[in-house]
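What the coordinates show
Each chain, written out:
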Amino acid sequence: MDTVPALLRIDALTKIHGAGCDACVALTGPQAGANVCPRCGSVVACADVSLEVQAGEIFGIVGESGSGKTTVLRCLYGDEAPTSGRAYLAPFDEGRADLFAASPQRRYYIRTHLLGMVYQSPALGLRMDFSSGANIAERLLVVGDRHFGRIRGRARALLERTEVPFARIDEPPRRFSGGMQQRVQIAKALANDPPVLLFDEVTTGLDVSVQARVLDLIRELRRRLRVAMIVVSHDLGVIRLLAQRTAVMKDGRIVEVGLTDQILEDPQRPYTQLLVSAQL
Amino acid sequence: MSVRELARDAASARGYNFAYLDEHSKREVRRRLLKAVAIPGHQVPFASRELPIARGWGTGGLQITLALIGPDDVLKVIDQGSDDSVNAVNLRALIARTTGVWTTSDARDATIIQTRHRVPETPMTAAQMLVLQVPDPEPLRHVESGETRRRRMHAEGDYSAIWVHLFEDVVRWGEVTAASGYPVRVHGRYVMDPTPIPRWDVPKLDRAETLYLFGAGREKRLYAVPPHTAVEPLEFDDLPFAVEDFGGARCRRCGSARSFLNASYDHETGERSYVCSDTDYCERCAATALLSGEAP
């Protein structure tokens, strides 16, 4: 068995939108085929989600739209407050303190120092009217770098690494193509070397050739930086390309988790079988 | 019965409480000020009262002064460095008539100085208080329009937006362009707008002897910098904060090269000359120069 303590551990994460009742979790999920509680009408975005991510690993979460995969990321990053559950991150209080119970100031520290998020929509992760350089600078300023020249040099290196032409460092992302905006967003998330990166449907909405370049970039980052990542996608192709281990979600629950190859080649659960056969 | 007691009785005979405000309103302001002093740089909401001057004309500072002033205080009111501007004259008259306190233009004699947009050039002491009138207390107003989000940013210590703003300023203009209201970090925690004082005055707030109190009447916020509190301008290591540089110019009246100067132009010749912004300081400098026989 795996005895190395995980870099990131999520225990029984549950997020319910609405008043909630005792029966919410029992009456929803894949067996009920719904995520809306029939008794009180609350939406169970995700329930009992537990997973572990090792250092340097890319962990995939796949599932249809509305299955709760983005909610897991948003709760982890602090965009939403979970209804219940705990999460532990090795670099935060040596993995002993629950992220979800941390004070707002400590949560802010976690999201700026320990996590990097790349949203599906670049507008959520970037300040569209500020220059690309300033967007990347933000992450460095937040962690206390106060040297203008050094920050600018780092922004230049990151744009180079993410293949954004350096000449456009002073232009706002609003003027960029979708693929380039996404690469600026990745450069920003990387800026202060967080130990965990979160990717939410990063290639959705991009054309196929641009998708390929973004995916290449993510693989390159993993190879070079050995940073752990959670990649959320509805696209099994993306998951196959990136993730070593994958969780399959449906109606707010994890229905299957394992090695990506195993899940794609030999799916055990009926839903996973359906998902895989529909894709191939 | 002293002259001041007579004046106080006269105020009450005209139908006002001492210092115009009723005692409950004063207590509200004092309580909020205690909290503001306890959390340096943090904006504390308070129940801002209607006053016989319009909001936006110094009502925040006025309420602080009225709540704190006692019969033995000596008052100075300045507006952009001058004791004689309309705003300063009217505020001073209102406070004097409703309290009977002595007023002065000499910064050394005053116990309470109420001011708009300047900190006096004369160093202040632990026995004095400076009350600043604040048009807009929120340093994040340029970077975040939502009040709820701004409160959250202060709570989390999330000042990334303001830093990015400064960074972008340097990218575009080669320097931080804020001419007044330069953002400062107080006691290593809250980012504060020091009101539209020039950069020149910002270092005077740092680890000072004096209690600084800030009141925004229209925005209903109070905040404070207690004595000996660190007030650091937000700056980059390689682009340190700098005060205004007058290129070695001197005041044409008193000859001082160590005060904040206003530029003015001669109508006939178009020639530029400078004069001290702080009129009280300028007068004393001029008197000293005259006594020592040096030409100004």
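Preceding block: the structure.
Attention here is on the structure that accompanies the text. (Residues numbered from 1 in each chain as written. Chains lettered and ligands numbered in written order. Predicted model: local features only at pLDDT ≥ 70, side-chain atom pairs only at ≥ 80, totals over all residues.)

Residues and elements named next belong to chain B. Within the open sheet, the three strands sit side by side as S7-S6-S10. Their pairing is antiparallel. What marks the edges here is a single partner per strand, and that holds for strand S7 (190-192) and strand S10 (231-233). Along the sheet, successive strands turn relative to each other by an average axial angle of 35°, direction set aside. Note: strand S6 (residues 184-186) against S7, three bridges, orientation antiparallel. The residue bridging Val 186 from the neighbouring strand is Tyr 190, located in S7. (Pairing = 2+ DSSP bridges. Helix = DSSP H or I, 4+ residues; strand = E, 2+ residues; numbered from the N terminus. Axes fitted to C-alpha atoms, helices over the stretch in contact; angles between N-to-C directions.)

Bringing the packing of helix H4 (residues 132-142) of chain A against helix H5 (residues 148-161) of chain A into the picture now. All names here are of chain A. Interaxial distance between H4 and H5 falls to 9 Å at its minimum, and their mutual angle equals 110°. Between H4 and H5, the interaxial angle falls into the category roughly perpendicular. The two elements H4 and H5 meet at a crossing, and its hand is right-handed. Residue-level contacts link Ser 132, Gly 133, Ile 136, Ala 137 and Leu 140 of H4 to Ile 151, Arg 152, Arg 154, Ala 155, Leu 158 and Leu 159 of H5. When its residues are assigned to classes, the contact of H4 with H5 shows seven nonpolar, two polar and two charged. (Parallel < 35°, antiparallel > 145°, perpendicular 65-115°, else oblique. Left-handed = near helix turned anticlockwise from the far one by under 90°. Contact = placed C-beta atoms within 7 Å. Nonpolar A, V, L, I, M, F, W, Y, C, P; charged D, E, K, R; others polar.)

Of all hydrophobic cores here, the largest spans 138 residues; its most connected members are Leu 198, Phe 199 and Val 231 of chain A. Setting aside its immediate chain neighbours within four residues, Phe 199 of chain A contacts Val 118, Ile 218, Met 229, Ile 230, Val 231 and Val 232 of chain A. Judged by nonpolar contacts, the second largest core, of nine residues, contains Cys 254, Leu 261, Cys 276 and Tyr 281 of chain B. (Core = buried A, V, L, I, M, F, W, Y, C linked by C-beta atoms within 7 Å. Buried ≥ 20, exposed ≤ 12 C-beta atoms within 10 Å, placed from the backbone.)

Right, let's talk about unusual backbone geometry for a bit. All names here are of chain A. A positive phi angle, close to 50°, is found at Ala 12, a residue other than glycine. Structurally, Ala 12 is set in strand S1 (residues 8-17). Phi at Glu 201 is positive, roughly 50°, even though this residue is not glycine. Here Glu 201 shows up in the loop between strand S6 (196-200) and helix H7 (208-225). Owing to 20 C-beta atoms within 10 Å, Glu 201 belongs among the buried residues under this scheme.

To continue, consider the sheet that holds strand S8 (residues 245-250) of chain A. Strand pairing within a sheet occurs via backbone hydrogen bonds; the two strands may be parallel or antiparallel. Residues and elements named next belong to chain A. Across the sheet, six strands lie side by side as S5-S6-S7-S3-S8-S9; this open sheet has mixed pairing. The sheet is open, and its two edges are formed by strand S5 (115-118) and strand S9 (253-259), each paired on a single side. Adjacent strand axes in the sheet meet at a mean angle of 15°, parallel and antiparallel pairs treated alike. Pairing of strand S3 (residues 58-63) with S8 involves five bridges; the strand directions are parallel. Along S8, the bridge assignment pairs Gly 60 with Thr 246. Along the sheet, helix H6 (residues 178-190) contacts S5 and S6; its crossing angle with S5, the most-contacted strand, is approximately 175°.

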